[in-house]
Number of protein chains: 2
Amino acid sequence: MSDTAPPIRILTVDDHPMLREGVASVIEAQPDMVLIGEAANGREAIESFRQHRPDVTLMDLQMPDMNGIDAINAIRGEFPDARIVVLTTYKGDVQALRALKAGAMGYLLKSMLRKELLETIRAVHAGRRRVPPEIATEIAEHAADDALTEREIVVLKRVAVGSANKQIAATLGISEETVKAHMKSIMAKLSANDRTHAVTIALNRGIIEM
Amino acid sequence: MSDTAPPIRILTVDDHPMLREGVASVIEAQPDMVLIGEAANGREAIESFRQHRPDVTLMDLQMPDMNGIDAINAIRGEFPDARIVVLTTYKGDVQALRALKAGAMGYLLKSMLRKELLETIRAVHAGRRRVPPEIATEIAEHAADDALTEREIVVLKRVAVGSANKQIAATLGISEETVKAHMKSIMAKLSANDRTHAVTIALNRGIIEM
DNA sequence: CGGGACATCACCCGATTGGGGAAGTGACTG
DNA sequence: CAGTCACTTCCCCAATCGGGTGATGTCCCG
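Chain A is annotated in an unreviewed UniProt entry as DNA-binding response regulator from Steroidobacter agaridevorans.

Take a look at the structure:
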């Protein structure tokens, strides 16, 4: 807290320049923070991280080229003590869970206020984890128990684009009966009425993307 | 262009404070623009418009409480010469069409650059329409011809949450055969393989929301 | 007034889906 | 090594969906 303490060096990663601009202007108004880099996707994020070694990284999840989860995994693989805060629009609870599993120390929604952003940056920089209670409870409610398996997600993605069980079976090289078994399991886990409902639930929770 | 010309007075409407911050910092760096208000949803936008009468309004579409389309309609109803620029994340082409029909003069994506934002603000302020070619062509491709009717959208929304035709018929007080007829029409218009596909296409195009 | 779009309903029939239960394989783990 | 989990396959059968075709009434527009 002394005025000789080095500032917190921050990297922002988001594909919306305007959003980065907002974060930048908030950070630059803080005496104890300095923005040292920006990136528009996961790939740039990794490069920029290697180059600048920021104290705290603010990472969006939904980006072209390379998404935030993969970027977090890559960065934490190389720099295990990297402090990363996820800053994203809603996007479902599974994303949040994945990000935290990948080693994110904080999770923020873009609808949150400046104050919360700054508090989270300072907390994470100090080595503390920081996840808003709304997010934490939502993660606890879903995700943990009834997570879809890899295979089920593959199947559900095909269903989302209008494939029939028979077609899915053909492209995956398995029996139609197997696809039906996966569908039964998917609908049970998501408490969906039918395949369409399963798709919309999965989209809402961030289990599949469009 | 003389330095005695009054500045362009701007109102920003978006539910993400961080995004508003970004727009604000860009605008405040311009000598010929001034930010005179912010709003976080459609309702606040209308209030703020009445109070400040901005020259140009930057409006997000997807907001809680009251969405951007409704806000544009309300504002243009009261102030027919209001100049409104839509500034949104992707969100499908139907949204863009609706916004332009509602009287928006410009359409911008949040992934666009500062330069384009400023150019659009100046163009719209000068009374010119300004829509990026990508958006314009996408609107031309879809929307116009095979738009869903009100009734079809109602039906499709129910399908999205897992209702069977029979249930939809019951809640709408019509025959199941009628629901099936609507579904046939919907799938034909959207070129969907099945009901699930119809839902994901409609979500992508912004025809229905989640 | 003659379309044209919309919403409604009907019938037929094959294809697809979804619910039930059962069971074999391989891999990983306590 | 026994147990669990993911993935796989099979059977039966009722319910639902989707395609084809046709028809009625209404409302609005030229």
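That was the structure; now back to the text.
(A) Just the sheet that holds strand S2 (residues 33-39) of chain B, in detail. All names here are of chain B. Spatial strand order, S2-S1-S3-S4-S5: 5 strands in an open sheet with parallel pairing. Each end of this open sheet is capped by a strand with a single partner; those strands are S2 and strand S5 (106-109). The sheet shows a mean angle of 20 degrees between the axes of neighbouring strands, direction not considered. Where strand S3 (residues 56-59) lies against strand S4 (residues 84-88), 3 bridges are found, and the strand directions are parallel. Each residue of the ladder has a partner; that of Met 59, found in S4, is Val 86.

(B) Structural detail: the packing of helix H9 (residues 176-190) of chain A against helix H10 (residues 195-205) of chain A. Residues and elements named next belong to chain A. Taken N-terminus to C-terminus, the directions of H9 and H10 make an angle of 55 degrees; their axes are 10 Å apart at the nearest point. Here H9 lies oblique to H10, going by the angle between them. Between H9 and H10 lies a crossing whose hand is left-handed. Contact residues: H9 offers Met 183, Ile 186, Met 187 and Leu 190, while H10 offers Arg 195, Ala 198, Ile 201, Ala 202 and Arg 205.

(C) The arrangement of the pairing of S2(B) in detail. Residue and element names in this part refer to chain B. For strand S1 (residues 8-13) and S2, the ladder comprises 6 bridges, and the chain directions are parallel. Opposite Leu 11, over in S2, you have Gly 37 as the bridge partner. Regarding the hand of the β-α-β motif, the stretch spanning S1, helix H1 (residues 17-28) and S2 is right-handed.

(D) Representation of the environment of A:Ile207. Residue and element names in this part refer to chain A. Locating Ile 207 in the fold gives a position in the segment after H10. A relative accessible area of 11% means that Ile 207 is categorised as buried. A C-alpha to C-alpha distance of 9.5 Å links Ile 207 and Lys 157, two positions 50 residues apart in sequence.

(E) A look at the sheet that holds strand S2 (residues 33-39) of chain A. All names here are of chain A. On the basis of which strands lie adjacent, the open sheet formed by 5 strands has the order S2-S1-S3-S4-S5 and parallel pairing. Each having just a single partner strand, S2 and strand S5 (106-109) make up the two edges of the open sheet. On average, each strand axis in the sheet is tilted by 20 degrees relative to the strand beside it, whichever way the strands run. Along the sheet face, helix H1 (residues 17-28) touches strand S1 (8-13), S2, strand S3 (56-59) and strand S4 (84-88) and points at about 165 degrees away from the line of S2.

(F) The arrangement of the pattern of salt bridges in detail. Residue and element names in this part refer to chain B. Counting across every chain of the model gives 20 salt bridges over all chains. Notably, a salt bridge pairs Arg 122 with Asp 32, separated by 2.8 Å at the nearest N-O pair. Placement of the pair is Arg 122 in helix H5 (residues 114-125) and Asp 32 in the loop between H1 and S2, with a sequence separation of 90 residues. A salt bridge links Lys 115 to Glu 119, with the shortest nitrogen-to-oxygen separation between them at 3.6 Å. In this pair, Lys 115 and Glu 119 both sit in helix H5, 4 residues apart, roughly one turn of the helix. Take Lys 115: its relative accessible area is 57%, and that puts it in the exposed class.

(G) Fine view of the protein's contact with DNA strand D. Close contacts around DNA strand D come from 16 residues, with A:Thr149, A:Ser175, A:Thr178, B:Lys180 and B:Lys184 the closest. Here, DNA strand D places atoms within 4 Å of the protein, and 60% of those atoms are sugar or phosphate. The contact in question runs from a phosphate oxygen of DNA strand D to an N or O atom on the side chain of A:Thr149, over 2.3 Å. Measuring from a phosphate oxygen of DNA strand D, one finds a side-chain N or O atom of A:Thr178 at 2.3 Å. Counting residues per element, the ones that place at least two in the surface near DNA strand D are H9 of chain A together with helix H8 (165-172) and helix H9 (176-190) of chain B. Broken down by element, the residue count for the surface near DNA strand D peaks at 4 residues, all from H9(A). In terms of residue class, the surface near DNA strand D is built from 4 nonpolar, 5 polar and 7 charged.

(H) Highlighting the protein's contact with DNA strand C. The immediate surroundings of DNA strand C are formed by 16 residues, with A:Lys180, A:Lys184, B:Thr149, B:Ser175 and B:Thr178 found nearest. Each atom of DNA strand C within 4 Å of the protein was classed as base or backbone; sugar and phosphate made up 58%. Taking A:Lys184, its side chain carries an N or O atom lying 2.2 Å from a base oxygen of DNA strand C. Within the side chain of B:Glu177, a nitrogen or oxygen atom sits 3.0 Å from a base nitrogen of DNA strand C. Elements represented by at least two residues in the surface near DNA strand C include exactly helix H8 (165-172) and H9 of chain A together with H9 of chain B. The leading source of residues in the surface near DNA strand C is H9(B), at 4 residues. Across the surface near DNA strand C, the residue classes break down as 4 nonpolar, 5 polar and 7 charged.

Criteria and cut-off values
Every chain's residues receive numbers from 1 upward, in the order its sequence appears when written. Ligands are numbered from 1 and chains lettered from A, in the order in which they are written. Owing to the predicted nature of the model, reporting of local features is limited to residues with pLDDT of at least 70; listing and counting of side-chain atom pairs is limited to 80 or more, with chain, interface and lining totals taken over all residues. As a rule here, side-chain values come from all non-hydrogen atoms in the structure, and water together with hydrogens is ignored. Paired strands are those between which DSSP finds at least two bridges. Strands are runs of DSSP state E lasting at least 2 residues, helices are runs of H or I lasting at least 4, and numbering of each runs from the N terminus. Only the contacting stretch of a helix is used when fitting its axis, a line to C-alpha atoms as for every element, and angles between N-to-C directions run 0 to 180 degrees. Note that the term roughly parallel is reserved for angles under 35 degrees, roughly antiparallel for angles over 145, roughly perpendicular for angles of 65 to 115, and oblique for everything else. Two helices cross in a left-handed way if the nearer one is turned anticlockwise from the farther one by less than a right angle. They cross in a right-handed way if the turn is clockwise. Between two residues, a contact is recorded if the distance between any of their heavy atoms is within 4.5 Å. We call a crossover right-handed when, viewed with the strands running away from us, the connection from the first strand over the helix to the second turns clockwise. Burial here depends on accessible area, computed with a 1.4 Å probe over protein chains only, as a share of the maximum for the residue type. Under 20% is buried, over 50% is exposed, and the range in between is partly exposed. Criterion for a salt bridge: a side-chain nitrogen of Lys or Arg within 4 Å of a carboxyl oxygen of Asp or Glu. For this purpose, a residue is taken to be near a molecule or strand whenever a single non-hydrogen atom of the residue falls within 4 Å of it. Pairs of N or O atoms within 3.5 Å make up the polar contacts considered here, provided that, within protein, one atom can donate a hydrogen while the other can accept it, and that residues adjacent in sequence are counted only when both atoms are side-chain atoms. Classification used: nonpolar for Ala, Val, Leu, Ile, Met, Phe, Trp, Tyr, Cys and Pro, charged for Asp, Glu, Lys and Arg, polar for all others including Gly.

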